[in-house]
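Residue-level listing of the chains:
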Amino acid sequence: MADYEKLRPEITPLHEPFWDSVKRHQVELQRCDSCGAFRFIPTELCRCGSAASTWTPIAGTGEVYTYTVVHRAPTPAYQAEAPYVIAHVTVDEGPRMISVVVGCDPTDVHIGMPVTLVYEDVAPDLTLYKFTPAG
Amino acid sequence: MTKQGDLSDRLQADVYWEVVKEALDDAGLSLSDVDGLIGSAPEGLGIRASLPGGAFTDFTGNPLRFHATTNIGASAQSAGMGLAAMAIAHGLASVVVIPTVAAGQAPGYAGADRNDAVARMAQLGSPYEYLWGTTRVADYAVVARRHMHEYGTTEEQLAEIAVAQRLGATLNPLSVNGRRGEITIEDVMTSRPIAEPLKLLDCCLVNQGAGCVVMTRASDVRAQGKHVPVVMLGWGEGHGYLDPCKAPSLAGFEGGRVAADAAFGMAGVTRDDIDVAGISDHFTINVLVELEDAGFCAKGEGGAFVENQATRIGGRLPVNTDGGFLSNSHAGSCGLFTTIELVRQLRHDAGPRQVEGAQLGYAHGVGGVSQVQYGAVYGRA
Ligand SMILES: [Zn+2]
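Being a predicted model, the structure only gives us computed values, none of them experimental.

1. Let's talk about the confidence of the model for chain B
Counting all residues, the mean pLDDT for chain B is 94, and 98% of those residues have values of 70 or more. Scored by ipTM, the complex comes to 0.97, with pTM at 0.95.

So, in structure tokens, the structure goes:
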């Protein structure tokens, strides 16, 4: 495992349970204890006004809401992998999550494409979640 | 405004005073008349950046009565003109300067180093975005892709926006891209992909430059007799969802509608009354989406609106006649250049790119990835 040279997440206490769940290869999102809505990115309050939530596993399936194929990357570490696909994915539980789509040709990605979450341990202390075509 | 381009060999503070004095001179005023400031003082040591009003007074010897900033990103200064107008209307200030200056060896997006600018701007989101190698272009590319999916918008329609604005830039000697000549839709379509569907010629410039606006009472401008007053008739802000995962839709931005409705409501005019517009154009898709969100056409009809050359000089609604961020300048709080061009148009001082008989102008600007926006209606008084 080479040194991870890309940008790292900023993990404050509010965000720690999410990244811990990624490390366990089972993403959990906050689910509001009051109205039952899942939310992402992690926040301190549900839109219903309730602060109480429970970290709840999600199925890890969803579909592409929108995407782009990046040719001009922000830093050399990312540029080495260009062109790559960044997608906003609506997961079955409701929220949208952003990540790269791996395991297919960039030209195969389209809006509505079913995808599933996969995990990649990129550094001893960091695991990432990515999407790949379902099935 | 100064020459737009690479000002890295100059001291930021020198350029700052150059444009402030140029704008005051154009207004028939001097530094000692200034009693209000929007935004930053010139760069300097220590606490100067934190207390711009006091820093400014060090140079004028005339204590400011008013200082404010807004947080509308690249449109902070142009949106700040709304605060300046309120201050003047309430007697809190009489002459307010609103400068923007990107010059010298500044880091990041105020600098002249393109790689550094791209890398730094990429991180102006949340970690849940930039982790994946997003750039500002990618942030807008997903908007373009979604808009194309929902409404059938085409890349050629986006390209027309770049073509229209380059035409204006060729008539603007201060612009960065004017000297590069006109471009065609084919040129845009075949320029290299940056973040699909956006290509190089869909993207704004990365450059330095400076400009300044002076605001005072219309009656004072009229009494002085140097210029026809250009009056702010309406103004509004709209602060939409910050996180893209929280926004109900990425095919548009609710803040744009909120800002435009407020501005038009205050001005008491309709979209059809507008003769010329300045619409933040960090990328071609911005113009299309903002025209929709600001109500110049129905949601989803932006493609058809721009397709028949409506935004060119001589079209139904000329937009960014100076070339905009795509072809004129994308320096500092670049929304200010949008306003400067509208002032020229409404003064009938725009030379070969003059929109004939322009009486009413609309400025619309965005910050971030368009989450926060402002709109303003200006009139020739
Ligand atoms: Zn709730």
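So, next bit.
2. Brief notes about the sheet that holds strand S7 (residues 230–239) of chain B
All names here are of chain B. An order of S7-S10-S9-S8 is seen for the four strands of this open sheet, with the pairing classed as mixed. Single-partner strands in this sheet number two, and they are S7 and strand S8 (276–279). The sheet shows a mean angle of 10° between the axes of neighbouring strands, direction not considered. Across eight bridges, strand S9 (residues 360–367) lies against strand S10 (residues 372–380) in antiparallel orientation. Bridge pairing in S10 places Leu360 opposite Gly379. In the packing of helix H10 (residues 254–267) onto the sheet, the strands contacted are S7, S9 and S10, and the crossing angle to S7 comes to about 150°.

3. Some details on the environment of Asp6 of chain B
All names here are of chain B. For Asp6, the position within the fold is in the segment before helix H1 (12–26). Once the C-alpha coordinates of Asp6 and Asn207 are considered, the two residues, 201 residues apart in sequence, prove to be 6.1 Å apart. Only 2.5 Å separates the side chain of Asp6 from the side chain of Ser8, close enough to count as a polar contact.

4. Some points on the packing of aromatic side chains
Under the definition given, this model contains 15 aromatic pairs over all chains. Residues Tyr129 of chain A and Trp132 of chain B carry aromatic rings whose centres are separated by 5.0 Å and whose planes lie at 75° to one another, so their mutual orientation is edge-to-face. Of the two residues, Tyr129 of chain A sits in strand S8 (residues 126–133) while Trp132 of chain B sits in the loop between helix H5 (127–130) and helix H6 (136–151), which places them in two different chains. We note that Tyr129 of chain A, like Trp132 of chain B, is buried.

5. Here we look at the packing of H6 of chain B against helix H11 (residues 284–293) of chain B
A pair of packed helices is characterised by two quantities: the angle between their axes and the separation of those axes. Residues and elements named next belong to chain B. Relative to each other, H6 and H11 sit at 60°, their axes nearing to 10 Å. If you check the angle between H6 and H11, you find them oblique. Every pair of crossing elements has a handedness; the one defined by H6 and H11 is left-handed. In this structure, H6 uses Tyr140, Val143, Ala144 and His147 to contact H11, whose residues at the interface are Ile285, Asn286, Leu288, Val289 and Glu292. Its residues assigned to classes, the contact of H6 with H11 shows six nonpolar, two polar and one charged.

6. Some points on the domain arrangement of chain A
As a measure of interface size, the accessible area lost when the parts come together is often cited. Residue and element names in this part refer to chain A. Under the domain assignment used here, chain A contains domain 1 (13–58) and domain 2 (59–135). Each partner contributes to the interface: domain 1 provides 13 residues, whereas domain 2 provides 14 residues. Of all residues in domain 1, His25, Phe40 and Ile58 bury the most surface against domain 2, accounting for 47% of the area lost on that side. Inspection of the region where domain 1 meets domain 2 yields zero salt bridges. Our count for the contact surface shared by domain 1 and domain 2 stands at three residue pairs in polar contact (both at pLDDT 80 or more). Among the elements that take part in the side of domain 1 that touches domain 2, helix H1 (residues 16–23) stands out by supplying four residues, more than any other.

7. Some points on the coordination of the zinc ion
Residue and element names in this part refer to chain A. Around the zinc ion, the protein contributes the donor atoms Cys32 (SG), Cys35 (SG), Cys46 (SG) and Cys48 (SG), which lie 2.3 Å from the metal centre. Around the zinc ion sit four donor atoms, and with donor-metal-donor angles ranging over 104 to 118° the site reads as tetrahedral. Mapped onto the sequence, the donors of the zinc ion take the spacing C-x2-C-x10-C-x1-C.

8. Side note on the layout of surface pockets
All names here are of chain B. Size it by volume and the second largest pocket reaches roughly 1,000 Å³. Taken together, 42 residues line the second largest pocket, and the ones lying closest to its centre are Val213, Val214, Met215, Val343 and Arg347. Every element with two or more residues in the lining of the second largest pocket is listed here: H1, helix H3 (76–89), strand S6 (209–215), helix H9 (218–224), S7 and helix H14 (335–347). In the lining of the second largest pocket, the residues fall into 29 nonpolar, six polar and seven charged.

9. A few points about empty space enclosed by the protein
All names here are of chain B. The full count for this structure, using the stated rule, is two cavities of 30 Å³ or more. Of the volumes computed, that of the largest cavity is approximately 80 Å³. Residue lining of the largest cavity: 15 residues in total, with Asn320, Asp322, Gly324, Phe337 and Thr338 positioned closest to the centre. Sorting the residues of the lining of the largest cavity by element identifies S8, helix H13 (324–327) and H14 as the ones contributing at least two each. Per-element tally for the lining of the largest cavity: the top contributor is H14, with four residues. Considering the residues around the second largest cavity, the lining is formed by Tyr140, Val143, Phe253, Ile285, Asn286, Val289, Glu290 and Ser370. Counting only elements with at least two residues in the lining of the second largest cavity, the list comes to H6 and H11.

10. So, H1 of chain B
Residues and elements named next belong to chain B. Compared with the 21 Å implied by 1.5 Å per residue over 15 residues, the 21 Å span of H1 between its first and last C-alpha is a close match. Among the residues of H1, those classed as buried are Gln12, Ala13, Val15, Tyr16, Trp17, Val19, Val20, Ala23 and Leu24. Against the buried residues of H1 lie strand S1 (36–38), helix H2 (52–60), strand S3 (96–102) and S6. One or two steps after H1, the chain reaches Gly28, where phi turns positive at roughly 75°.

11. Focus on unusual backbone geometry
A cis amide bond, omega 5°, links Phe40 of chain A with the succeeding residue Ile41 of chain A. Within the secondary structure, Ile41 of chain A sits in the loop between strand S2 (38–39) and strand S3 (53–57). At the junction of Glu196 of chain B and Pro197 of chain B, the peptide bond is cis and its omega measures out at 10° in the coordinates. Of note in the backbone geometry, Gln309 of chain B takes a positive phi value of approximately 65° without being a glycine. As for its position among the elements, Gln309 of chain B is in the loop between helix H12 (302–307) and H13.

About the cut-offs
- Residues numbered from 1 in each chain as written.
- Chains lettered and ligands numbered in written order.
- Predicted model: local features only at pLDDT ≥ 70, side-chain atom pairs only at ≥ 80, totals over all residues.
- Heavy atoms only, no water.
- pLDDT = per-residue confidence, 0-100.
- Pairing = 2+ DSSP bridges.
- Helix = DSSP H or I, 4+ residues; strand = E, 2+ residues; numbered from the N terminus.
- Axes fitted to C-alpha atoms, helices over the stretch in contact; angles between N-to-C directions.
- Contact = heavy atoms within 4.5 Å.
- Polar contact = N/O pair within 3.5 Å; in protein donor to acceptor, adjacent residues only side chain to side chain.
- Phe/Tyr/Trp six-rings, centres within 6.5 Å; stacked < 30°, edge-to-face > 60°.
- Buried < 20%, exposed > 50% of the residue type's maximum accessible area, 1.4 Å probe, protein only.
- Parallel < 35°, antiparallel > 145°, perpendicular 65-115°, else oblique.
- Left-handed = near helix turned anticlockwise from the far one by under 90°.
- Nonpolar A, V, L, I, M, F, W, Y, C, P; charged D, E, K, R; others polar.
- Domains from an automatic or database assignment.
- Buried area = accessible area lost by both parts, 1.4 Å probe.
- Salt bridge = Lys/Arg side-chain N within 4 Å of Asp/Glu carboxyl O.
- Donors = N, O, S within 2.8 Å, 3.2 Å for Na, K, Ca; no water.
- Tetrahedral: all angles 85-135°; square planar, octahedral: opposite > 155°, others 65-115°.
- 1 Å grid on protein atoms, 1.4 Å probe; cavity = no way out; pocket = protein on both sides within 12 Å on 5 of 7 lines; lining within 4 Å.
- Points joined across faces, edges and corners; volume = space filled by probe spheres on them.
- Expected span 1.5 Å × (residues − 1).

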